[in-house]
Structures are given as C-alpha cells and as structure tokens.
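Below, each chain spelled out in residue letters.
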Amino acid sequence: MFSLAEKYYSILSAVNNLKLTQREIQLVAFTAIKGNISYANIRKEFCERYDSTGPTINNIISKLKKIYVLVKDGTKVKVNPTIILDFNKDITLEIKLTHG
C-alpha cells in the first residue's frame, strides 16, 4: 500500500511540477494511508519507518501546507481530500496533456 501511494504522489508531483523530494512524497503517502500526521504515535511510526526526525517532519509539513498538499482539518493535518485515493484498491490514472 505504501509503495503504491508513493508512486501515485510521485506522478502527481512530476505532472504538476511540484518538485517534491523523496522524503516529502513518503510523508504525503504515509499521511494519506494513516489518515493524518498529527498524533505523536503516528509521527513516531513515520520516523521509525523512514529513519527521519520530528523536526524534519515539522519542516516538511510546513512546506506542504503552503502548497496545499497537506491541509489542516480542525486539529489534524491531513492530505488534501482532492488528491487522496483508496490505496487498498487498484488505481487507473488517465493523464491528458493539452496545448495551452
């Protein structure tokens, strides 16, 4: 599931010229699957899984909120609902590039 989510957000980053780093993509994918990145136990799990630190997560969250990849929902930081999918299912993407 995590691998599929990372591939999806890598494609979104490339197509939309977001220039997300690998760690940023990992955080978005992880957050999409977990539902949020607000609680200490979820952040700790991310740090253990990806060999990261709390301050790194805070910096990434700040950047991703500025470009609306992550949004605040009450007290929780979540992936913007317009770009979230159910990664338990197969995904089919259609990319249409048009002339300006």
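Residues numbered from 1 in each chain as written. Predicted model: local features only at pLDDT ≥ 70, side-chain atom pairs only at ≥ 80, totals over all residues. Heavy atoms only, no water.

Caption draft 1: Helix α4 (residues 54–66), seen in detail. For α4, with 13 residues, the first-to-last C-alpha span of 19 Å sits near the 18 Å given by 1.5 Å per residue. Taken together, the buried positions of α4 are Ile57, Ile60, Ile61 and Leu64. Buried residues of α4 fall within an arc of 105° about the axis and therefore sit on the same side. The outward face of α4, more than 90 degrees from its buried face, is lined by the exposed residues Pro55, Asn59 and Lys66. One or two steps after α4, the chain reaches Tyr68, where phi turns positive at roughly 65°. (Helix = DSSP H or I, 4+ residues; strand = E, 2+ residues; numbered from the N terminus. Expected span 1.5 Å × (residues − 1). Buried < 20%, exposed > 50% of the residue type's maximum accessible area, 1.4 Å probe, protein only. Arc of directions from axis to C-beta.)

Caption draft 2: Quick peek at the side chain of Asn36. Along the polypeptide, Asn36 turns up in the loop between α2 (22–34) and α3 (40–50). Here Ser38 takes part through its backbone nitrogen, which lies 2.8 Å from a polar atom of the side chain of Asn36. Other than its neighbours up to four places away in sequence, Asn36 contacts Thr31, Ile42, Lys76, Val77 and Lys78. (Polar contact = N/O pair within 3.5 Å; in protein donor to acceptor, adjacent residues only side chain to side chain. Contact = heavy atoms within 4.5 Å.)

Caption draft 3: The arrangement of the nonpolar core in detail. Counting 25 residues, the largest nonpolar core has Tyr9, Leu27, Ile37 and Leu64 as its most contacted members. Going through the elements one at a time, α1 (2–15), α2, α3, α4 and β2 (76–79) are the ones with two or more residues in this core. With six residues, α2 is the single largest residue contributor to this core. Setting aside chain neighbours within four positions, we find Tyr9 in contact with Ile25, Val28, Ala29, Ala32, Val79, Ile83, Ile84, Leu85 and Phe87. (Core = buried A, V, L, I, M, F, W, Y, C linked by side-chain atoms within 4.5 Å.)

Caption draft 4: Seen up close, the environment of Lys63. Tracing the chain through its elements places Lys63 in helix α4. For Lys63, a relative accessible area of 31% translates into the label partly exposed. Residues Lys63 and Leu20, 43 residues apart in the sequence, show an inter-C-alpha distance of 9.8 Å. Not counting the four nearest positions on each side in its chain, Lys63 is found in contact with Lys19 and Glu24.

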